[in-house]
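# Summary of the model geometry
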Amino acid sequence: MLTLSSCTSEQLHRALRDGSFRLYLGQLALKVSSDIPEFIAAFRQLYGDHPVALGGGEYDFDIAISAPALWRRWFRRNASFEFSGDTPFLPMEVGHAHALFEWGLNWAIASFLHHCLILHSAVLEWRGKGVLLSAVSGSGKSTLSAELSEQGWRLLSDELALLDSDLKLIPLARPVSLKNTSIDVIRRRHPTAVIGPLALDTHKGTVAHLKVSADAVGSNLVPAIPKLIVFPKWVEGAPLRVEPVGAGQAALRLIDQAFNYSTLGTEGFRRLVALVRMTEAWQIEYSSLDEARDALETLVAEHG
Amino acid sequence: MRWKHWWLSMAKPSPLMSLLGGGGHESFDPEAWSLLFSEARRAGLMARLAASLCLDQVDLPERLQKQVTASLIEAEAFQRDVLRELDHVQQALQGLGVPVLLLKGAAYVRLNLPAARGRIFSDIDIVVARERLAQAEASLMLGGWLTGKLDPYDQRYYREWSHEIPPMTHRRRGTTLDLHHALVMPTCRVRVDSGKMLRQAVPIEGSLFWWRLQDEDMVLHAASHLMFNAEFERGLRDLWDIHLLFCDFASRSASFPERLFERAREVGLGEVIREALLLARTFLGTPIPEDLLRGEAKMATRLIARAVYSRHRQTRPASQWLVDMLLLGREMYLRLPNHLLLRHLAHKASVSFAGTAPQKSI
């Protein structure tokens, strides 16, 4: 299948303008439209390995990154996230256009894909075993996912765990969002990693996105079986601590981080209970990414 | 129906409008379906559409079927939430011992009408008699609903001129409740006897607390809401409601259409119901006896036809933004008599030069 990096710039610009561009993100098909050069450049860089189509076709989401008003194309340039032609958020300055696309896409997934139970959690796979990394914002979840994916783990998502009715984790490999100091951490540890443009002074500070491996993108249609739930927490200078978490406790913590648990009603409860019964749950506190990775690989080997 | 053809020839092909108009879906390829779903989302109708496709057992490609399933799950959750919220409202107002009337979406859900299917809405509308308004507001405040901070002008607009008090939001659940004492603005230029409609309301079967408008008045209220409105973001949904209400009531009693028009004349909505049903027939094929709709559509109705058409970027009529502006002017004109209108516009103009408050961000 055609990948984004194999399209010429001209083909890409035309398809993004005339509505015939499709991006395939695992099971999802997105119609993406844009005429904002900053967005298109970052998009090309970060989604290079993703399958695309230039001749239209069916889609799940209709997304455009576009100027909110005609004059905003030239003067005080802004970008809006349009979903089915609606603009659910305020426009942002044009340098934040790609971050806006990623945030908007997260919002769309969490608001519409109710055939899945959606948890705020990173999902990775190691030796064929699915691992959920569930944590509140600011506990280093994205940095840890980026590190693991650079070290050969398969990334399914850095932000959203999608659990379908067969209790499988639906992959959604796409750029990992890095914030503030974690951008430099990953850059230092992995000099060859592809990191997109910096979006400065967003409401989350400085944000940049890490391109995920072609392997992870290539496996985007292969679901993973959940085997382990981990609640990671980065604490500066802390020694490594690994502790088991009871199934009931794990379920309550996951509900806290779920986007559509109540929307799914009894089915949400059923799916969550099944999830904690088929997995083991652990929490780890760490300050060193190397130690955390070792600990996780041991956990998967012994308890996954 | 000359104007109908005039109108349709001006529109871009929209799979949503074609499906609603009874054009069938056999010719739709998966991409046309995708556009249709995108249009439905833009119109706030995805869940309603999903419910209707499910009812008709339409066979869809897998990707699209998943979207339908997801929307049905959302719609089901929404109905659960509405019914639970109604329980909370009932608890807060039960002690008052006055009839409390449910309007629009909440009424459709409580009555389990076809118009409730997949209908997603943002607030619950209730009515109490004007003399009991203050008590009802106080009881709701005790139950946790608060009117947000409004500037003195907006307070006055609601308290003196409007048919409702400012929207109340629950401090924990974040749900919104609109407490009314009439069905239309008392200052409205079209003289509507909404008091008569309220006085002839009936208790909801199986409930010792809730009341509802009688069938004819439910359709009339939905029609006046659409035709006096300036907000057409949800115009197509309102029109679809009218269609579903009409078809449901007409299927239960053959004389319903005649009674509806008679009642409309009685309360001053004769023109409004005719125009609203003209639109419903044009876009949704509502089966209305020909003799009730004789005559040409008014200019305003032709404008509204453009405003309730698809609002999606790919399929909306070119001049929709202009129509929206004209209809906004019309709504203000209908709502307020001249001296109040002048004051209102002067105030709004002066505020628009002051700074704006930030809106929501991600």
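Residues numbered from 1 in each chain as written. Chains lettered and ligands numbered in written order. Predicted model: local features only at pLDDT ≥ 70, side-chain atom pairs only at ≥ 80, totals over all residues.

## So, the overall build of chain B
Across its full length, chain B holds 16 helices and seven strands. Burial status across chain B gives 40% buried among its 362 residues. For chain B, restricting intrachain contacts to residue pairs at least 6 apart in sequence, the fraction spanning at least 24 positions comes to 65%. (Helix = DSSP H or I, 4+ residues; strand = E, 2+ residues; numbered from the N terminus. Buried ≥ 20, exposed ≤ 12 C-beta atoms within 10 Å, placed from the backbone. Contact = placed C-beta atoms within 7 Å.)

## Brief notes about the overall build of chain A
Summing up its helical and strand segments, chain A has nine helices and 16 strands in all. Across chain A, contacts joining residues at least 24 apart in sequence account for 72% of those joining residues at least 6 apart.

## Things to note about the interface of chain A and chain B
Taken together, the contacts link 23 residues of chain A with 23 residues of chain B. When its residues are assigned to classes, the side of chain A that touches chain B shows nine nonpolar, ten polar and four charged. (Nonpolar A, V, L, I, M, F, W, Y, C, P; charged D, E, K, R; others polar.)

## Regarding the packing of helix α2 (residues 37-46) of chain A against helix α3 (residues 97-112) of chain A
Packed helices, taken two at a time, are described by their axes: the angle between them and the distance between them. Residues and elements named next belong to chain A. Between α2 and α3, the least distance of the axes is 8 Å, while the angle of their chain directions is 65 degrees. As summarised for this structure, α2 and α3 are arranged roughly perpendicular, according to the angle between their axes. Contacts between α2 and α3 involve Glu 38, Phe 39, Ala 42 and Phe 43 on the former and, on the latter, Ala 97, His 98 and Phe 101. Looking at the contact of α2 with α3, its residues break down into five nonpolar, one polar and one charged. (Axes fitted to C-alpha atoms, helices over the stretch in contact; angles between N-to-C directions. Parallel < 35°, antiparallel > 145°, perpendicular 65-115°, else oblique.)

## Looking at the domain arrangement of chain A
Residues and elements named next belong to chain A. Domain parsing of chain A yields domain 1 (4-112) and domain 2 (117-174 + 212-303). Taking the mean C-alpha position of each, domain 1 and domain 2 sit 28 Å from one another. Taken together, the eight residues of domain 1 in the interface contact 13 residues of domain 2. The element best represented in the side of domain 1 that touches domain 2 is α3, accounting for three residues. Of the residues belonging to the side of domain 1 that touches domain 2, the class tally is three nonpolar, four polar and one charged. (Domains from an automatic or database assignment.)

## Topic: the sheet that holds strand β11 (residues 176-179) of chain A
Residue and element names in this part refer to chain A. Taken together, the three strands give an open sheet; going across it, the order is β11-β13-β12, and neighbouring strands pair in antiparallel fashion. Pairing within the sheet leaves two strands with one partner each, and these edge strands are β11 and β12 (199-202). Between one strand axis and the next, the sheet turns by 35 degrees as a mean value, whatever way the strands run. Taken together, the four bridges between β11 and strand β13 (residues 205-210) define a ladder with antiparallel strand orientation. The residue of β13 that forms the bridge with Leu 178 is Ala 208. Where helix α5 (residues 181-189) meets the sheet, its contacts fall on β11 and β13, and the angle it forms with β11 comes to roughly 115 degrees. (Pairing = 2+ DSSP bridges.)

## Considering the pairing of strand β8 (residues 129-134) of chain A
Strand residues, when the strand is regular, have side chains that alternate between the two faces of the sheet. All names here are of chain A. Here β8 lies mainly inside the structure; five of its six residues are buried. One ladder, built from six bridges, connects strand β7 (residues 117-126) with β8; its direction is antiparallel. By the bridge assignment for β8, Ser 121 is matched with Ser 134. Once β7 ends, the chain turns through two residues before running back antiparallel as β8, passing Arg 127 with a positive phi of about 50 degrees. Here β8 runs beside strand β14 (residues 226-234); their pairing, made up of four bridges, is parallel.

## What about α3(A)?
Relative to the 22 Å expected for 16 residues at 1.5 Å per residue, α3(A) spans 22 Å between its end C-alpha atoms, a close match to the ideal helical length. Most of α3(A) is tucked away: twelve of the 16 residues are buried. (Expected span 1.5 Å × (residues − 1).)

## Digging into the sheet that holds strand β4 (residues 61-66) of chain A
All names here are of chain A. Overall, mixed pairing links the six strands, which are arranged β3-β1-β2-β4-β5-β6 in an open sheet. On the outer flanks of this sheet lie β3 (52-53) and β6 (92-93), each paired with one strand and no other. Inspection of the sheet shows strand β2 (residues 28-34) paired to β4 by five bridges, in the parallel sense. Each residue of the ladder has a partner; that of Val 32, found in β4, is Ile 63. Along the sheet face, α3 touches β4, β5 (78-83) and β6 and points at about 20 degrees away from the line of β5.

## Quick look at the environment of Gly143(B)
All names here are of chain B. For Gly 143, the position within the fold is in the loop between α7 (133-142) and β3 (145-147). Taking C-alpha positions, Gly 143 is 29 Å from Gln 214, a pair spaced 71 residues apart along the chain. When neighbours within four sequence positions are excluded, Gly 143 is seen to be in contact with His 88, Gln 91 and Ala 92.

## Topic: the nonpolar core
Residue and element names in this part refer to chain A. If you look at the biggest cluster of nonpolar residues, it comprises 97 residues, and the most contacted ones within it are Phe 39, Ile 65, Leu 100, Ile 118, Leu 124, Leu 162 and Val 230. Top element by residues in this core is α3. It accounts for eight residues. Split by domain, this core shows at least three residues from each of two domains, domain 1 (4-112) and domain 2 (117-174 + 212-303). (Core = buried A, V, L, I, M, F, W, Y, C linked by C-beta atoms within 7 Å.)

## What to know about the environment of Ala222(B)
Residues and elements named next belong to chain B. Inspection of the secondary structure puts Ala 222 in helix α10 (residues 215-227). The spacing of Ala 222 and Tyr 158 is 64 residues in sequence and 21 Å in space, taken between C-alpha atoms. Ignoring sequence-local partners within four residues, the contact set of Ala 222 consists of Asp 238, Asp 241, Ile 242 and Leu 245.

## So, the packing of α10(B) against helix α11 (residues 235-252) of chain B
Residues and elements named next belong to chain B. At a minimum axis distance of 9 Å, the contact between α10 and α11 shows a crossing angle of 165 degrees. In terms of orientation, α10 lies roughly antiparallel with respect to α11. Viewed along their axes, α10 and α11 form a crossing whose handedness is left-handed. Contacts from Asp 215, Met 218, Val 219, Ala 222, Ala 223, His 225 and Leu 226 in α10 reach Gly 235, Asp 238, Leu 239, Asp 241, Ile 242, Leu 245, Phe 246 and Phe 249 in α11. (Left-handed = near helix turned anticlockwise from the far one by under 90°.)

## Structural notes on the environment of Ala280(B)
Residue and element names in this part refer to chain B. By the secondary structure assignment, Ala 280 is in helix α13 (residues 270-284). Distance in space between the C-alpha atoms of Ala 280 and Phe 232 is 15 Å, their sequence separation being 48 residues. Beyond its immediate chain neighbours, meaning those up to four positions away, Ala 280 contacts Leu 239, Ile 242, His 243, Phe 246 and Thr 286.

## Digging into unusual backbone geometry
Residues and elements named next belong to chain A. Positioned with a positive phi, Asn 180 is a non-glycine residue whose angle comes to about 45 degrees. Examined against the element boundaries, Asn 180 turns out to sit in the loop between β11 and α5. You can call Asn 180 partly exposed: it has 13 C-beta atoms within 10 Å. Despite not being glycine, Asp 201 shows a phi value in the positive range, around 55 degrees. Tracing the backbone through its elements, the reader meets Asp 201 in strand β12.

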